[in-house]
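Residues per chain, in single letters:
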Amino acid sequence: MPSPLLLLLLLLSVAANAATFKEAPQFYNSPDCPSIADDLEDPDENDQHLCFNRAVHVAMTLDTAYIRGSMAAVLSVLQHSSCPQNVIFHFVYSASANSSFLRTTLSHSFPYLKFQLYPFDDEAVSRLISTSIRSALDCPLNYARSYLANLLPTCVARVVYLDSDLILVDDIAKLSAHPLGADSVLAAPEYCNANFTAYFTPSFWSNPSLSLTFANRKACYFNTGVMVIDLDRWRAGDYTTKIEEWMELQKRMRIYELGSLPPFLLVFGGRIAPVEHRWNQHGLGGDNIRGLCRDLHPGPVSLLHWSGKGKPWARLDANRPCPLDALWVPYDLLETPFSIDS
Ligand SMILES: *[C@@H]1O[C@H](CO)[C@@H](O)[C@H](O)[C@H]1NC(C)=O
Ligand SMILES: *[C@@H]1O[C@H](CO)[C@@H](O)[C@H](O)[C@H]1NC(C)=O
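Residues numbered from 1 in each chain as written. Chains lettered and ligands numbered in written order. Predicted model: local features only at pLDDT ≥ 70, side-chain atom pairs only at ≥ 80, totals over all residues. Heavy atoms only, no water.

Taking an unreviewed UniProt entry as the reference, the protein is identified by name as Hexosyltransferase belonging to Cucumis melo. Taken verbatim from the UniProt record of the protein, the Subcellular location (unreviewed entry) comment is "Endomembrane system". The heading Pathway (unreviewed entry) in the UniProt record of the protein holds the text "Glycan metabolism; pectin biosynthesis." (UniProt positions renumbered as here; feature names shortened; annotations may be inferred.)

Enquirer: Account for the confidence of the model for the protein, naming residues and giving values.
Expert: Note: predicted coordinates in regions of low pLDDT should not be interpreted at a detailed level. Confidence in the prediction of the protein, expressed as mean pLDDT, is 88, and 86% of residues score 70 or more. Low confidence marks residues 12-17, where pLDDT is under 50. Its contacts with residues over four positions away, or in another chain, come to 4 contacts. (pLDDT = per-residue confidence, 0-100. Contact = heavy atoms within 4.5 Å.)

Enquirer: Tell me about the state of the cysteines, and name the residues and values.
Expert: Inspection of the entire model under this criterion finds 4 disulfides. Linked covalently through their sulfurs, Cys51 and Cys155 form a disulfide whose S-S length is 2.0 Å. Note on the Cys51 and Cys155 pair: the S-S dihedral is about -70 degrees, so by sign convention the disulfide is left-handed. Of the two residues, Cys51 is situated in the loop between helix H1 (4-17) and strand E1 (56-62) and Cys155 in the loop between helix H5 (148-151) and strand E4 (158-162); the sequence distance between them amounts to 104 residues. Take Cys51: its relative accessible area is 12%, and that puts it in the buried class. Of the residues examined, Cys155 reaches a relative accessible area of 25% and is grouped as partly exposed. Two residues, Cys293 and Cys322, share a disulfide whose sulfurs are 1.9 Å apart. A torsion of -85 degrees about the S-S bond marks the disulfide between Cys293 and Cys322 as left-handed. One end of the pair, Cys293, is in the loop between strand E10 (273-274) and strand E11 (303-305); the other, Cys322, is in the segment after helix H12 (312-317), with 29 residues separating them in the sequence. Cys322 sits in the buried class, given a relative accessible area of 6%. Along the protein, the cysteines that take part in disulfide bonds pair up as 1-3, 2-4, 5-6, 7-8, counted in sequence order. (Disulfide = S-S within 2.5 Å. Helix = DSSP H or I, 4+ residues; strand = E, 2+ residues; numbered from the N terminus. Buried < 20%, exposed > 50% of the residue type's maximum accessible area, 1.4 Å probe, protein only.)

Below you can see the structure in the form of structure tokens.
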């Protein structure tokens, strides 16, 4: 008969390999929420609920490495939403991933979630990612945000894109309803104090035909982890192609250092609708300096974003959390080994 210690070790290793997530509570609309079901003239024409226009549409990526973060993000969205039953999630996953695992995991924790999974052809985008910058951080799924207009059904006119390393502490409907003005395609917080020059190489700035891209534009840095996207305008302007053209150029001559961000700056910098900074308190991952704990930026907070190298779940597991990681913990749905079947 195996010793109790051996059994415990076995249990721990099983739990570590097959991460299981707890079931989240069900969240209900408040009485004054719009009914999203009245939208469709003929509900049978569209599958499910994907085309409800009065719904809040949210797009995220989903992969096994970040799924713990994604689950926490989803929970935070629902928990702070006044109309949680009107939120529809669109998850993009790598076509080579196990979609049945992703679907099972989501449905188990969120049995009432309205969602759709979209396979993303990583191979196609891999060819566009310049090898010199490809790293763990530059997995092809990072570029999925540039393809949402093609991936999501055309009936979805507006979507909020969210990274997986963040939590909301405010109603996502407010962010989703942010005005886009007469012609902006994107809304996101802008940071005009950041040194914009640093995002591009000297060879970019010294080439007039390239640096003229920013002539007559008051381009500022923005973080692409939180964006409200007008998909109709995106499709009409074929912005995916414009982003791809910059990626093609980057393959031929190095014009920037980072991965998926600079093409967004090139295409949209100075043309976005600025959102209050409270909607992206970014850098909580310690920017790109390992081990650094960052504080909040001054001002109110609607969304906490652990962008940078450090992720709260990894620091918590390593027993070296930063003080603000405590704010992420209430949204963690991962079962601890000792709470199995509890
Ligand atoms: C995919 O995930 C399902 C559900 O978790 C699992 O039963 C199946 O064995 C997985 N398939 C592969 C090829 O890993
Ligand atoms: C901005 O960045 C560029 C390139 O990295 C650098 O040369 C310049 O000194 C920086 N400017 C400021 C004000 O820090």
